[in-house]
Protein chains: 2
Amino acid sequence: MSPKITTELLRQLRQVMKNPKYVQEPVQAYIVPSGDAHQSEYIAPCDCRRAFISGFDGSAGTAIVTEQHAAMWTDGRYFLQAAQQMDNNWTLMKMGLKDTPTQEDWLVSVLPEGSKVGVDPFIIPADQWKRMSKALRSAGHDLVPVKENLIDTIWTDCPQRPCKPLITLDLSYTGVSWREKIVSLRSKMAERKVLWFVLTALDEVAWLFNLRGSDVEYNPVFFAYAVIGMNTIRLFIDGDRMMDPDVREHLQLDSTLEPEFKIQVMPYGSILSELQAVGASLSPKEKVWLSDKASYALTEAIPKAYRYLTPYTPICIAKAVKNASETEGMRRAHIKDAVALCELFNWLEKEVPKGTVTEIIAADKAEQFRSQQKDFVELSFATISSTGPNGAIIHYKPVPETNRTLSVSEIYLLDSGAQYKDGTTDVTRTMHFGTPSAYEKECFTYVLKGHIAVSAAVFPNGTKGHLLDSFARSALWDSGLDYLHGTGHGVGSFLNVHEGPCGISYKTFADEPLEAGMIVSDEPGYYEDGSFGIRIENVVLVVPAETKYNFKNRGSLTFEPLTLVPIQTKMIDVNLLTEKECNWVNDYHQKCREVIGAELERQGRHEALQWLIRETEPLTRVQ
Amino acid sequence: MSPKITTELLRQLRQVMKNPKYVQEPVQAYIVPSGDAHQSEYIAPCDCRRAFISGFDGSAGTAIVTEQHAAMWTDGRYFLQAAQQMDNNWTLMKMGLKDTPTQEDWLVSVLPEGSKVGVDPFIIPADQWKRMSKALRSAGHDLVPVKENLIDTIWTDCPQRPCKPLITLDLSYTGVSWREKIVSLRSKMAERKVLWFVLTALDEVAWLFNLRGSDVEYNPVFFAYAVIGMNTIRLFIDGDRMMDPDVREHLQLDSTLEPEFKIQVMPYGSILSELQAVGASLSPKEKVWLSDKASYALTEAIPKAYRYLTPYTPICIAKAVKNASETEGMRRAHIKDAVALCELFNWLEKEVPKGTVTEIIAADKAEQFRSQQKDFVELSFATISSTGPNGAIIHYKPVPETNRTLSVSEIYLLDSGAQYKDGTTDVTRTMHFGTPSAYEKECFTYVLKGHIAVSAAVFPNGTKGHLLDSFARSALWDSGLDYLHGTGHGVGSFLNVHEGPCGISYKTFADEPLEAGMIVSDEPGYYEDGSFGIRIENVVLVVPAETKYNFKNRGSLTFEPLTLVPIQTKMIDVNLLTEKECNWVNDYHQKCREVIGAELERQGRHEALQWLIRETEPLTRVQ
């Protein structure tokens, strides 16, 4: 990787920072955050402004350019990559290190007195604006919104904002019509006494209208906003996508409808002015509900006294609890996904010893097998296909420079998933195609014990996921081991592979309680720098648990694995398992054999079926 | 309990709320919080202002009196008690119930426009003031500080503020001199670039100066503040306590000292004016360190720009990590405490069948046995002596109206502890003096499994206690059971039995990481309303753990029980224990037998020794 030369770009940016065409008064610093206007995790090429100006294209980072300096804040995952991709114009600010200043402190230290710091108000979340603005103000500076994005003014070959066709999902996929979802949203609005609700997250818009798109890689979403009133529905979306007869029919755009279900389609870019009109029309005590992560621009459109901000919107919470149709879809998607992985692992078992399979080839092969399955749409994230030391890089993605050949002497870790029209998958398996060492088996078995401890946990209704995180670590902790990431994240239903409001992590204290119907991942791991990585990940469904007693009538919950892919028994030191754990593995493999076996049979994939049967032989524990 | 008649008192209070002698302008509402000026958990009689005005003397509650209304907010523990103790002038506001308004919302709903709400600025913590002031202001009212406490103006027979003699602790108890503590505090102040540090919590003052007092029941503290500068030490304390030659010698008040260790003794009441003088003397960038729980009055004495507020002070954190002398003292205290409990349980075993032992008699007997031990000072909290259904009331304290007789057919729960000059104890044992039912044994065994899961947990350095809480519940959860309190709290060394900054709870997210030398309780339970209560509590010391591996060189920790009192094996269903758990019990009992047995022998308590030996017979698990 050679760094991007940014001297000329920075010169141009510094010019527009003073150009009265774009700024009322010159700004002495300009902040370029990572995100888009929807606070998306994955962003479209046209929104990769920080990568454009700096060259650094990791998933997290904030650039700040002043008249003299250019600095980039990013976290430990990206120190090396950022240093390689950026030229000498840039200073790397290593977040998490003791001596690294915060953006605010740095700005205060380098800016001349009474400076103005500019930022695109559509990109910066309101809560971040508030914090930064306060810090700057107390040091005599001003954070100012710059309406036109200054990067866009110098980005001459900026790709167009994607505007791809939409997919309509019928009731067999969604279980609930968009009209019913609107009714239920309005009842929650009425409970909180709010008159308007603003949808800014792309997956929330997609979920509410039972539509999907492909504007952003891996996430089946489309660029849109929506504003829901008690009697009005406004959808802000561009392009001729609304001309599609399927979409028109789905949204009943040409039907005679009760006025409260009539969708007004408006240009994507008109959200601000429309919201300002809403803001101006409010009487005292009338409230507008927004996520506290919505952009500063949209939040400011509603006068402060009228705002009702929550960390999680009612759509985010409703979306997380899957109904029967969504759950069934997720089950189907995971069965197909398991078929693809059985094919892949069977193929790898034959090919790896030949020494011709690289990480990239294995990842491509996985995609190929998945794409053969019904309703396959795309991958749900960039495949982590990593062998040996690469496995210890938690967010690894093979590129030609790092691409390693799989062998019979190294552990192989594959974390991959797909979007199917009926569901989203995310599964990690760690395999050895030769003979694992006793130490590798020992570590793998601790990780497995943690995986089982979460998967088999029984806990009261109302329990938050972070209270389960230590269960996943206990076996590792006993031996002085650990892993430095959370244990699980929410998973969408043919939607984003990472979604709120629930999860299983030592860090997440703002998570919502787990409820039956929620779907999360269970993915403990162990990583030895320079040697290997181990992770065992299933997607699991929260289900009611039968218990002997029922304290305070609260009811209990547990997890049911949706992922049904064998866990390599060759890697297990069975003597480290308790009887209960051993039974869990055998029951799990029995279910893989039954459910995935039947589907492999149906699809006529006999060789993969033989592989599955071999891989699901019961473990026997020596007493 | 008959309610306190408050009609006349409320009339008087409403008069002084308008009396220009006390208020600049009349206040339309007056808030009477629970606490004292030091945010103490236990308060002196002179600080029980809320109990005085309302009759309700539970440990938590806030009274608000307006011209028309008088309302009391308290939580579920006290609904019944508050309803019984208050007359019809009062409205009970049941906190935690859905329809109960917050204090702010209620004030807004009952006050005439533009009202003033008064509160004693010394009693209300700064963070609470901020929240309430903001809410009132946004509704057009004002929260105003009323310098003279209005309750005190009408409380004609208010007891005097206690001013009892001090106890000096020499190095054999404290391990570190107060001078060394000051040096270490100043180095932490220098790190954070603060010039002044203000001590407001009573146990922090006591710890820093290696002094103890008895101004407050159960807590060996004394009323005082301290302000530490880089070159000055100011101790704000009343009475002739500073005339005591021991104290003068201990604090070196009459010695020729380096000026930075010279203690200036000032009147308790002069803290505000002295702090205001400090505040007025500051130059830009000079900071004063305060707890964010310090009173509004003291916080306001320092202009906002000069304040450095943290949830836990450096003293609070240093105090939590016990040094070798403190740890040894705690061990000694727990040995003596165990001797007293062996005597008690041996006595109960003989006496309970006679039907003459009540909860109060048992509690008194426990105190009597403790008081026979060397360096006994007082109890560390009100003994919870409860049998049968009373055991299910988590904060029960026997009073004549509820006093129940112990019998051979009910479970008995004793949660008790003492202050010894060398340490503080807190231990709960649950016993049956007849034959427990299978169900009682089952529940007891789940609680025991939870107790062991925490006590034997191994976890990395830097782990916060709340990450261990679910370990204590897992066995109960598996059977659909749970308990509605946290699992553990920090314990002081001859100081408050509850102290920060660490603990083990599903609720505590602001806790500091556990460190070797910290001391916490481990006390899971199970409570069946109307039937019985079970709790097993040891005080445990955080110690380094030996592990097979050492990930990232972080090191591991575990717990060592300081409490060494047999856990009644009669209550254990041994078939529910794993081999590991069974071994833990046997090892624990072996240690009780060795350590406490030797001390019983030394003290010539042969009958109690026989009891101990019987109670520590090893369990045998049927395979």
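Small disclaimer: the values here were computed from a predicted structure and weren't measured.

### Quick notes on the interface of chain A and chain B
And then number 1: On the side of chain B, 34 residues touch chain A, which itself brings 34 residues to the contact.
And then number 2: Interface area, chain A with chain B, both sides summed: about 2900 Å², of which 61% is carbon and sulfur.
And then number 3: Our count for the chain A to chain B interface comes out at six salt bridges.
And then number 4: Asp529(A) is the salt-bridge partner of Lys552(B), the closest N and O atoms lying 3.1 Å from each other.
And then number 5: Elements with a minimum of two residues in the side of chain A that touches chain B: helix H16 (438-455), strand E21 (459-460), helix H17 (469-478) and strand E25 (525-528) of chain A.
And then number 6: For the side of chain A that touches chain B, the element with the most residues is H17(A), which contributes five residues.
And then number 7: Along the lines of polarity and charge, the residues of the side of chain A that touches chain B split into 17 nonpolar, nine polar and eight charged.

### Topic: the pattern of salt bridges
Oppositely charged side chains are able to pair whenever their charged atoms sit close together.
Residues and elements named next belong to chain A.
And then number 1: Overall, the coordinates contain 74 salt bridges over all chains when judged by the stated rule.
And then number 2: For the salt bridge of glutamate 300 with arginine 307, the shortest nitrogen-to-oxygen distance reads 3.2 Å.
And then number 3: The shortest N-O distance in the salt bridge between glutamate 581 and lysine 449 comes to 2.8 Å. Residue glutamate 581 is located in helix H18 (residues 579-602), and its partner lysine 449 is located in helix H16; the two are separated by 132 residues in the primary sequence.
And then number 4: Given a relative accessible area of 14%, lysine 449 falls into the buried group.

### Quick notes on the side chain of Thr66(B)
And then number 1: With respect to the helices and strands, Thr66(B) occurs in strand E2 (residues 62-66).
And then number 2: Excluding anything up to four places from it in sequence, Thr66(B) contacts Arg14(B), Met17(B), Gln28(B), Ala29(B), Trp106(B), Leu107(B), Val110(B) and Leu111(B).

### Looking at the packing of aromatic side chains
And then number 1: The tally for this structure, following the rule as stated, stands at 41 aromatic pairs over all chains.
And then number 2: Considering the side-chain rings of Phe471(A) and Trp477(B), the 6.5 Å spacing of their centres and the 90° angle between planes classify their relative orientation as edge-to-face. Here the residue Phe471(A) occupies a position in helix H17, and Trp477(B) occupies one in helix H17 (residues 469-478), the pair thus bridging two chains.
And then number 3: Among the residues examined, Phe471(A) registers a relative accessible area of 10% and is labelled buried.

### Re the state of the cysteines
And then number 1: By the definition in use, this model includes zero disulfides over all chains.
And then number 2: With no disulfide of its own, Cys163(A) lies 11 Å from the sulfur of Cys46(A), the closest cysteine sulfur.
And then number 3: Free of any disulfide, Cys46(B) has its nearest neighbouring cysteine sulfur in Cys158(B), separated by 5.8 Å.
And then number 4: Note on Cys46(B): relative accessible area 4%, which makes it buried.

### Overview of the packing of H18(A) against helix H19 (residues 606-615) of chain A
All names here are of chain A.
And then number 1: As a packed pair, H18 and H19 sit with axes 10 Å apart at the nearest point and diverge in direction by 175°. Considered as vectors, H18 and H19 are oriented roughly antiparallel to each other. Listed contacts from H19 to His589, Cys592, Arg593, Ile596, Gly597, Leu600 and Glu601 of H18 are His606, Ala608, Leu609, Leu612, Ile613 and Glu615.
And then number 2: Across the contact of H18 with H19, the residue classes tally to seven nonpolar, three polar and three charged.

### Here we look at the nonpolar core
And then number 1: Core analysis: the largest hydrophobic core is formed by 155 residues, its most contacted members being Leu348(A), Phe559(A), Leu348(B) and Phe559(B).
And then number 2: Residues within four places of Phe559(B) in sequence aside, it is in contact with Val454(B), Ser455(B), Ala457(B), Phe459(B), Leu468(B), Ile504(B), Leu514(B), Val520(B), Val540(B), Leu541(B), Val542(B) and Val543(B).
And then number 3: Membership of the second largest hydrophobic core comes to 65 residues, among which are Leu235(A), Met242(A), Phe376(A) and Tyr420(A).

### Let's talk about unusual backbone geometry
And then number 1: Between Gly500(A) and Pro501(A) the backbone carries a cis peptide bond, its omega angle lying at 0°.
And then number 2: Looking at the element boundaries, Pro501(A) is found in strand E23 (residues 499-504).
And then number 3: Of note in the backbone geometry, Lys285(B) takes a positive phi value of approximately 75° without being a glycine.
And then number 4: Looking at the element boundaries, Lys285(B) is found in the loop between helix H11 (271-281) and strand E13 (288-291).

### Focus: the sheet that holds strand E18 (residues 418-420) of chain B
All names here are of chain B.
And then number 1: Strand order in the open sheet formed by three strands is E15-E18-E19, and the pairing between neighbours is antiparallel. Single-partner strands in this sheet number two, and they are strand E15 (376-379) and strand E19 (423-424).
And then number 2: Across two bridges, the pairing between E18 and E19 is antiparallel. Across the sheet, tyrosine 420 pairs through a bridge with glycine 423, a residue of E19.
And then number 3: In the packing of helix H15 (residues 359-371) onto the sheet, the strands contacted are E15 and E18, and the crossing angle to E15 comes to about 160°.

### Observations concerning the environment of Leu13(B)
Residue and element names in this part refer to chain B.
And then number 1: Along the chain, leucine 13 falls in helix H1 (residues 7-16).
And then number 2: Residue class for leucine 13 comes out buried when judged on its relative accessible area of 0%.
And then number 3: For the pair leucine 13 and threonine 435, spaced 422 residues apart in the sequence, the C-alpha separation amounts to 56 Å.
And then number 4: Those residues in contact with leucine 13 that sit more than four places away from it in its chain are Tyr30, Ile53, Val65, Leu150, Ile151 and Ile154.

### Focus on the sheet that holds strand E11 (residues 233-237) of chain B
Whether parallel or antiparallel, the strands of a sheet pair through hydrogen bonds between backbone atoms.
All names here are of chain B.
And then number 1: The sheet built from six strands is open, its strands ordered E12-E11-E10-E8-E13-E14 with mixed pairing. Two strands lie at the open edges of the sheet, namely strand E12 (263-266) and strand E14 (307-310), each paired on one side alone. When the angles between neighbouring strand axes are averaged without regard to direction, this sheet yields 20°.
And then number 2: As paired elements, E13 and E14 share four bridges and run parallel to each other. Residue pairing in the sheet places leucine 290 in a bridge with leucine 309 of E14.
And then number 3: Along the sheet face, helix H9 (residues 202-209) touches strand E8 (196-199), strand E10 (224-229), E11 and E12 and points at about 60° away from the line of E10.
And then number 4: Taken strand by strand, H11 contacts E8, E10, E11, E12 and E13, and its axis lies near 155° from that of E11.

Rules used throughout
- Residues numbered from 1 in each chain as written.
- Chains lettered and ligands numbered in written order.
- Predicted model: local features only at pLDDT ≥ 70, side-chain atom pairs only at ≥ 80, totals over all residues.
- Heavy atoms only, no water.
- Contact = heavy atoms within 4.5 Å.
- Buried area = accessible area lost by both parts, 1.4 Å probe.
- Salt bridge = Lys/Arg side-chain N within 4 Å of Asp/Glu carboxyl O.
- Helix = DSSP H or I, 4+ residues; strand = E, 2+ residues; numbered from the N terminus.
- Nonpolar A, V, L, I, M, F, W, Y, C, P; charged D, E, K, R; others polar.
- Buried < 20%, exposed > 50% of the residue type's maximum accessible area, 1.4 Å probe, protein only.
- Phe/Tyr/Trp six-rings, centres within 6.5 Å; stacked < 30°, edge-to-face > 60°.
- Disulfide = S-S within 2.5 Å.
- Axes fitted to C-alpha atoms, helices over the stretch in contact; angles between N-to-C directions.
- Parallel < 35°, antiparallel > 145°, perpendicular 65-115°, else oblique.
- Core = buried A, V, L, I, M, F, W, Y, C linked by side-chain atoms within 4.5 Å.
- Pairing = 2+ DSSP bridges.

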